[in-house]
Amino acid sequence: MNEKNALADNEIFLQRVFFKHVTSSIFAMFGAMASMIANSVLAGAFFGADGLALMSIIVPFYSVFAALGSLVGVGGSTVCAYALGRDDGKAANEAFSLSALLGFVLALLAGGFCCGWLDVLLPLLGCTPELYEEAYRCSVVCLLGGFGTTLFYLPYNFLKLLGKLRLLLVVFLGMAAANIALDLLFVCGFGCGVAGVVWGTAVATVGASAVGITRLFFAKDAFRPSFSMNAALLRQIASCGTPSALNNLLIFFRLLFLNRLVVAAAGSSGLAALSVVTAIENFALVILGGLAQATAGFVSVFTQEMDTVSVRRIERQAHRIGVFLMLLTSAVMFLFPMEVCRAFGMSGAAEAALGTQALHIFAVSLVPSMWCYLLFFYYQAAGFTKLANVLIFGKSFLFLLVPAWLLLKDFGLVGVWSAYTLSALIPLAILFLVRPFYARRGYAGLLLQDRRAERDGRYISFSVRADAHEIVASSAAIETFCRQNGVVHKDNLLVCLAVEEMLLSIREHAFADDNAAMIDVRLLVLAEADGLAAVLRIRSGGKLFNPLDYYEHRKTQDPLALGDALGLAMILQAAEAIHYKTTFGVNNLTVRMKCGQEAGG
């Protein structure tokens, strides 16, 4: 059965949940990236072009810690989403615990290693002799306090998974405010120079990470410490986190080479313009990273549930939001480039001209870059990790540096800024070229989905209001669907009963006073060796309500007076398995039932 059934699937519930998570993710990501943006703004305001040049030298080190944070944060949360998708709480606890341990250890090792090689790294990053002493001080502070940057990826990813969106916003917007205040304190109050900007970031990120991780480990509904050096789990986290980590790590090497190219072409003024472009790119990544990572969490869960329809809807919504926001950002850069340059302290005529030129050309890259990032994160979450890694390597490194190097000879800095657009267009062209190879293996569309269940008409998906009359009326469509798919009559009636009883129970306890609330229902019929299996998935907002716990509670009170739990008792006896979990702060109930098959069905 295709997406339009006799029962309307109006997407309202999914849209609301997704919009909440996207909004929270973008604001939280803004809090995370505001540190980098504020650093450049304050460095330019207080120390001019030299301050911006120093930020260009320091920023690549943050990319290293962001790469490690993405590895353990995105990788660990993706593995956790898979575990929660199959209702495996023990595996989820182990994934989070190992992610936290890895993040701390890897960040300390990376910081210590880079500190030992600063004399080599700083010249490679384009540091000139007159900036060397201050750059060295800033780098040491950044590297020793960089574990805070790595660790804040844990609360950023895992709080979203648990649906703790308000806490997510409080932690990361609080970090942004603290970072700016501490920057001013260290620069103006303690007279630490440009290093004061780096000190403020280090203290703010460590504090935010500590608050978030404490909540994840010790709250009532949080993960439980379960440390296990499981090689298979380690490989799974690394595999799932590699695309995001690779992107950040390649940004480090990309900036290393770009700094040298720009310095050779235009000196410190060019480096200041690159600092502005990098800061604007970070701002765009606030939006793209928040949007892509919010999307990836849903994709991970829906993929495990074989819910290809919801995956497409999530991706469609994400692309619409992304196009709108990137066009808005591009418009600001086209219309107000001088104001943006002045905000970063580029007040000289020559410096402002370089910055304006850079912003105009860079703005063209934002929409194709949005498509790239959303697809890369989708492929990672959907299990196409190798494809995601190859495309990210091209987008973040190869397809940017090679064109920049080639175009620099004839077009100067214009060629460098144009390379940003080329780096986004080339991976998209490659995707269209490789689609036929995946199509021959049974994967459809640009999202490479296995749509056999859809084509064979083996599922029904619909939204129903939390209204008793509408819930009862939905049984007729369920009965027709099961009959059309060969489910024997007695099992057909049992499936209809399961849908009706579960929906009425959820309505009563999660939406007692809200008949207009929407509940998403999906029923999938699978052909198995010994007959059929009906897999019912019900997703709803409202109060957290676990029908299994409710039934056990009523049975404990009085086994002979189950009341509205009597229907649940019948379903529990007939079902092969029933699982309840909360992901993204949403009730998820899955019921699996064995069914007989009609002759010739």
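Just so we're clear, the structure is a prediction, and the values are computed from it rather than from any experiment.

A. Broad picture of the overall build of the protein chain. Summing up its helical and strand segments, the protein chain has 20 helices and 5 strands in all. In summary, the protein chain has a C-alpha radius of gyration of 26 Å against a globular reference of 25 Å for 601 residues, a match within 12%. In terms of its C-alpha atoms, the protein chain occupies a principal-axis envelope of roughly 85 × 50 × 45 Å. Counting over 601 residues, the protein chain shows a buried share of 60%. A separation of at least 24 residues holds for 77% of the contacts in the protein chain among residues at least 6 apart in sequence. On the protein chain, roughly 23400 Å² of surface is accessible, and the fraction owed to carbon and sulfur atoms is 66%. Between the centroid of the 43 positive side chains of the protein chain and the centroid of its 41 negative side chains there is a distance of 4 Å.

B. Summary view of the packing of aromatic side chains. Here the structure, examined in full by the defined rule, presents 24 aromatic pairs. Put simply, the rings of Phe96, Phe158, Phe217, Phe218 and Phe223 pair up and form one aromatic cluster. Residue placement shows Lys409 over the ring face of Trp405; its charged tip is 4.1 Å from the ring centre.

C. Representation of empty space enclosed by the protein in the model. For the coordinates displayed, the defined rule picks out 9 cavities of 30 Å³ or more. Its boundaries defined by the atoms lining it, the second largest cavity holds a volume of some 180 Å³. Contributing to the lining of the second largest cavity are 16 residues, with Ser77, Asn157, Gln293, Ala296 and Gly297 lying nearest its centre. Those elements giving two or more residues to the lining of the second largest cavity turn out to be α1 (12-85), α6 (153-161) and α9 (231-304). In terms of residue count, α9 provides more of the lining of the second largest cavity than any other element does, 6 residues in total. When its residues are assigned to classes, the lining of the second largest cavity shows 8 nonpolar, 7 polar and 1 charged.

D. Molecular detail of the state of the cysteines. Scanning all chains against the criterion turns up 0 disulfides. With no disulfide of its own, Cys80 lies 11 Å from the sulfur of Cys240, the closest cysteine sulfur. No disulfide involves Cys192; its nearest neighbouring cysteine sulfur is the one of Cys138, lying 10 Å away. Cys192 sits in the partly exposed class, given a relative accessible area of 28%.

E. Inspection of the environment of Thr480 at higher detail. With respect to the secondary-structure elements, Thr480 resides in helix α17 (residues 468-484). With 12 residues separating them in the primary sequence, Thr480 and Asn492 have C-alpha atoms 9.0 Å apart.

F. The nonpolar core, seen in detail. Counting residues in each nonpolar core, the largest one holds 153 residues, and the members touching the most others are Phe61, Leu258, Tyr379 and Trp417. Sorting elements by how many residues they give to this core places α9 first, with 31 residues. In this structure Phe61 touches Leu118, Leu121, Leu122, Leu125, Ser139, Cys142, Leu143 and Phe252, once residues within four positions along its chain are discounted. Cys482, Leu568, Ile571 and Leu589 belong to the second largest nonpolar core, which has 38 residues in total.

G. Molecular detail of a nonpolar patch on the surface. On the surface, a nonpolar cluster with roughly 760 Å² of combined accessible area is contributed by Leu101, Phe104, Val105, Leu108, Leu109, Phe227, Met229 and Leu234. The element contributing the most residues to the nonpolar patch is helix α2 (residues 89-116), with 5 residues.

H. Representation of the pairing of strand β3 (residues 531-540). Where burial is concerned, most of β3 is hidden: 10 out of the 10 residues are buried. Pairing geometry for strand β2 (residues 518-528) and β3, over 10 bridges, is antiparallel. Residue Arg522 lies in a different strand from β3, and its bridge partner there is Arg537. Between β2 and β3, which pair antiparallel and follow one another directly, the connecting turn spans 2 residues.

I. Inspection of the packing of helix α10 (residues 308-335) against helix α12 (residues 349-363) at higher detail. With their axes 9 Å apart at the nearest point, α10 and α12 run at an angle of 155 degrees to one another. Judged on the interaxial angle alone, α12 and α10 are roughly antiparallel. Between α10 and α12 lies a crossing of left-handed hand. From α10, Ser330, Met333 and Phe334 reach across to α12, where they touch Leu359, His360, Phe362 and Ala363. Of the residues belonging to the contact of α10 with α12, the class tally is 5 nonpolar, 2 polar and no charged.

J. Spatial organisation of the pattern of salt bridges. Using the criterion set out here, one finds 13 salt bridges in the structure. Of the charged contacts, one joins Glu134 and Arg137 as a salt bridge, the two residues approaching to 2.1 Å between their closest N and O atoms. Placement of both Glu134 and Arg137 in helix α4 (residues 132-144) is noted, with a separation of 3 residues, approximately one turn of the helix. Judged by relative accessible area, which is 17%, Glu134 ranks as buried.

K. Layout of the packing of helix α7 (residues 165-189) against helix α8 (residues 195-218). Viewed as axis vectors pointing N to C, α7 and α8 meet at an angle of 155 degrees, and their least axial separation amounts to 7 Å. In terms of axis orientation, α7 runs roughly antiparallel to α8. In terms of crossing hand, the pair formed by α7 and α8 is right-handed. Between α7 and α8, the contacting residues are Leu167, Val171, Met175, Ala178, Asn179, Leu182, Asp183, Phe186 and Val187 on the first element and Gly196, Val197, Trp199, Gly200, Thr201, Val203, Ala204, Thr205, Ala208, Val211 and Arg215 on the second. Taken together, the residues of the contact of α7 with α8 sort by class into 13 nonpolar, 5 polar and 2 charged.

L. Molecular detail of the environment of Ser268. Within the element layout of this structure, Ser268 appears in helix α9. Considering only alpha carbons, one finds Ser268 and Asn587, 319 residues apart in sequence, at a separation of 55 Å.

M. Molecular detail of the confidence of the model for the protein chain. Of all residues in the protein chain, 92% have pLDDT values of 70 or greater, and the mean over the chain is 83. Note on residues 1-6: pLDDT is under 50 here. Beyond four places in sequence and across chains, it has 15 contacts.

N. How the structure looks around unusual backbone geometry. Unusually for a residue other than glycine, Leu448 sits at a positive phi of about 55 degrees. Structurally, Leu448 can be placed in the loop between α15 (413-439) and α16 (452-455).

O. Examining the side chain of Thr278 more closely. Within the secondary structure, Thr278 sits in helix α9. Each residue touching Thr278, except ones within four places of it in the same chain, is listed here: Val59 and Leu255.

P. Up close: helix α13 (residues 366-382). Between its terminal C-alpha atoms α13 stretches 24 Å, which fits the 24 Å expected from 17 residues at 1.5 Å a residue. By the criterion of burial, α13 is predominantly enclosed, with 16 of the 17 residues buried.

Reading the values: rules and limits
- Residues numbered from 1 in each chain as written.
- Predicted model: local features only at pLDDT ≥ 70, side-chain atom pairs only at ≥ 80, totals over all residues.
- Heavy atoms only, no water.
- Helix = DSSP H or I, 4+ residues; strand = E, 2+ residues; numbered from the N terminus.
- Rg over C-alpha atoms; globule rule 2.2 N^0.38 Å.
- Buried < 20%, exposed > 50% of the residue type's maximum accessible area, 1.4 Å probe, protein only.
- Contact = heavy atoms within 4.5 Å.
- Areas by Shrake-Rupley, 256 points an atom, 1.4 Å probe, with all protein chains shown as cover.
- Lys, Arg positive; Asp, Glu negative; His and termini not counted.
- Charge placed at Lys NZ, Arg CZ, Asp CG, Glu CD.
- Phe/Tyr/Trp six-rings, centres within 6.5 Å; stacked < 30°, edge-to-face > 60°.
- Lys NZ or Arg CZ within 6 Å of the ring centre and 35° of its normal.
- 1 Å grid on protein atoms, 1.4 Å probe; cavity = no way out; pocket = protein on both sides within 12 Å on 5 of 7 lines; lining within 4 Å.
- Points joined across faces, edges and corners; volume = space filled by probe spheres on them.
- Nonpolar A, V, L, I, M, F, W, Y, C, P; charged D, E, K, R; others polar.
- Disulfide = S-S within 2.5 Å.
- Core = buried A, V, L, I, M, F, W, Y, C linked by side-chain atoms within 4.5 Å.
- Patch = residues over 30% accessible without salt bridge, like charges linked within 9 Å, V, L, I, M, F, W, Y side chains within 5 Å.
- Salt bridge = Lys/Arg side-chain N within 4 Å of Asp/Glu carboxyl O.
- Pairing = 2+ DSSP bridges.
- Axes fitted to C-alpha atoms, helices over the stretch in contact; angles between N-to-C directions.
- Parallel < 35°, antiparallel > 145°, perpendicular 65-115°, else oblique.
- Left-handed = near helix turned anticlockwise from the far one by under 90°.
- pLDDT = per-residue confidence, 0-100.
- Expected span 1.5 Å × (residues − 1).

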